[in-house]
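Structure at a glance
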Amino acid sequence: MSGYRTQHSVGVLGLYANRNNRVTLTFTTKQGTVTRHTYRLKTAKTPHGIGTNTLKTSKPKQMVLGKGHTKLTFAVSSQGYTYGLDAREKIRWYSSLKISHVFKELSNHHLLILTKIAPTEHKYNALQETDFYGRVYRQYNFSGLFPTRQDTSKLATNTVIHHDAIELPNHNLLLTVDDGSKKFVEDTMIEIDRQTGKIQKVIDLKRLLPASAYRQYTGTHRPDGKIDWFHQNSMTYDQKRHELVVSGRNQDMIFAINYKTTKLKWILAAPEKLPKSYQKYLLKPTTKHYRYNGGQHAVTLIHQNQHQGDSVELEFYDNNVPVTRGKTAQSKQWSAGEIVTINQLKRTVTKTWEFGQSLGKRNFTNIVGSSYAVGKGNTLIGFGYADWGKRSEFVEVNRKTNRVVFDVDRTHFAHGDWSYRAERLSLYPGESNLN
């Protein structure tokens, strides 16, 4: 805020729950006089259902916490409470709205979350642009089939956005959606106009991948009889190449497409059950005994601005639970955060780092999970569905030494409220722009 005024509004974030917090503000007049005043702010308890956090390891000096240690570890819920922990596992922020899967910082430093249109609703069909103060700038409400197929007299009651939403370079939003098909689920993406909410582009994965993948799929079964053959759970955009990288759990597959033409560029997956016409897209490992990803989540590009030549550095969470292809003796024995380097010209893949095997079966997660580089040297891993959904664990590890610098167990939460992802975000994003 430029200039001098006699009335001010100051936002305060990161207070401790259930405590008389002291907040000191410094005032400087136009004449240069400096005064300080301390305010006492009593905060309420955190919700009982948020669960219990148990600190196992914390080395703040070795963690990536940002300037002034304003970055928190956010436990992003599958269906429930999303909150932020400091280095001592104290909750410093939580959402009073129930959130499902989507909790991301946008380029304008707002948050993008998936919540409910009304608290009494069962489904999560409201996509909000909000901030850490809870101010809502935009909300997109979804209801059943999206307009290109919609019969308004027979609106479905499904959750339309299911696992991921990202901001594109043009600031539109790309969403993973259930398009209301009577037979298939979770195999479509839509780009919506940020200002109007209108659909600009539809990508049906059945048009990109072999027909046998969805017509002959038997890997999983749903109570409603629909076929969840791909189960898209994440995506990331390569701004340098204008390519979209997509992860599908039930095909044990990560692939890239040219976003404009939607033509395939490469596929990272074991070759089993893939027709010959698609074999040419497969990345070839540069080492023997390469262990392919199985049921993976949270694919992302790291150091995107530092890509050299034809190389892409990709990070993801490998559940190590092959659904369709890639089964090995090591399957389901552990889960891990992994980084691979992909040479797009030679179509090769090299695994450069992984962490999780040493933690063993205790941290195997059949579903859910994340692995994100934080800073240049550390990775934050979310073992969200440990002990078959009874526990979530957040582990920050130094990639050079594989030493754990932060480790928290989360327990005693409601069924379905396991932590889908673990993210490291600042409570004051873009703080130089605050007013």
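This report concerns the structure included in the present document.

Definitions and cut-offs
Residues numbered from 1 in each chain as written. Predicted model: local features only at pLDDT ≥ 70, side-chain atom pairs only at ≥ 80, totals over all residues. Heavy atoms only, no water. Helix = DSSP H or I, 4+ residues; strand = E, 2+ residues; numbered from the N terminus. Buried < 20%, exposed > 50% of the residue type's maximum accessible area, 1.4 Å probe, protein only. Polar contact = N/O pair within 3.5 Å; in protein donor to acceptor, adjacent residues only side chain to side chain. Contact = heavy atoms within 4.5 Å. Pairing = 2+ DSSP bridges. Axes fitted to C-alpha atoms, helices over the stretch in contact; angles between N-to-C directions. Phe/Tyr/Trp six-rings, centres within 6.5 Å; stacked < 30°, edge-to-face > 60°. 1 Å grid on protein atoms, 1.4 Å probe; cavity = no way out; pocket = protein on both sides within 12 Å on 5 of 7 lines; lining within 4 Å. Points joined across faces, edges and corners; volume = space filled by probe spheres on them. Nonpolar A, V, L, I, M, F, W, Y, C, P; charged D, E, K, R; others polar. Core = buried A, V, L, I, M, F, W, Y, C linked by side-chain atoms within 4.5 Å.

**Some details on the side chain of T82**
Tracing the chain through its elements places T82 in the loop between β4 (71-77) and β5 (83-85). Accessibility expressed as a relative area gives 0% for T82, which makes it buried. Looking at T82, its side chain comes within polar contact range of the main-chain nitrogen of S77, at 3.0 Å. Setting aside chain neighbours within four positions, we find T82 in contact with A75, V76, S77, W93, Y94, S95, I99 and F103.

**Observations regarding the sheet that holds strand β12 (residues 173-177)**
Across a sheet, strands are paired by hydrogen bonds formed along the backbone, either parallel or antiparallel in direction. Judged by pairing direction, the sheet is antiparallel, and its four strands sit side by side in the order β11-β12-β13-β14 without closing on themselves. Strand pairing shows two members of the sheet lacking a second neighbour, β11 (161-167) and β14 (199-204), which therefore form its edges. When the angles between neighbouring strand axes are averaged without regard to direction, this sheet yields 20 degrees. Of the pairings in the sheet, the one linking β11 to β12 comprises four bridges and is antiparallel in character. For I161, the partnering residue across the bridge sits in β12 and is V177.

**Structural notes on the packing of aromatic side chains**
Enumeration according to the criterion identifies 17 aromatic pairs in this entry. With a centroid separation of 5.8 Å and 50 degrees between ring planes, the pair formed by W93 and F103 is classed as tilted. In this pair, W93 sits in strand β6 (residues 91-94) while F103 sits in strand β7 (residues 103-105), placing the two residues ten residues apart along the sequence. Aromatic pair Y317 and F383: ring centres 5.8 Å apart, planes at 75 degrees, arrangement edge-to-face. Residue Y317 is found in strand β21 (residues 311-318), and its partner F383 is found in strand β25 (residues 378-386); the two are separated by 66 residues along the sequence.

**Remarks on the layout of surface pockets**
In this approach, a probe sized like a water molecule rolls over the atoms, and the result shows the empty space that is left. Put simply, the largest pocket is a space of about 1400 Å³. Surrounding the largest pocket, 39 residues form its lining, E105, T236, T300, L301 and Y372 being those nearest its centre. Counting residues per element, the lining of the largest pocket draws most heavily on strand β28 (residues 419-426), which supplies six residues. Tallied by class, residues from the lining of the largest pocket come to 20 nonpolar, eleven polar and eight charged.

**A closer look at the nonpolar core**
Residues W229, L244, F255 and I267 are the most contacted members of the largest nonpolar core, which totals 30 residues. No other element matches the three residues that strand β17 (residues 253-258) contributes to this core. Discounting residues that sit within four places of it in the chain, F255 has contacts with L205, L208, L209, F230, L244, V245, V246, L264, W266 and I267. In this structure, A270, L283, L301 and I342 belong to the second largest nonpolar core, which totals 17 residues.

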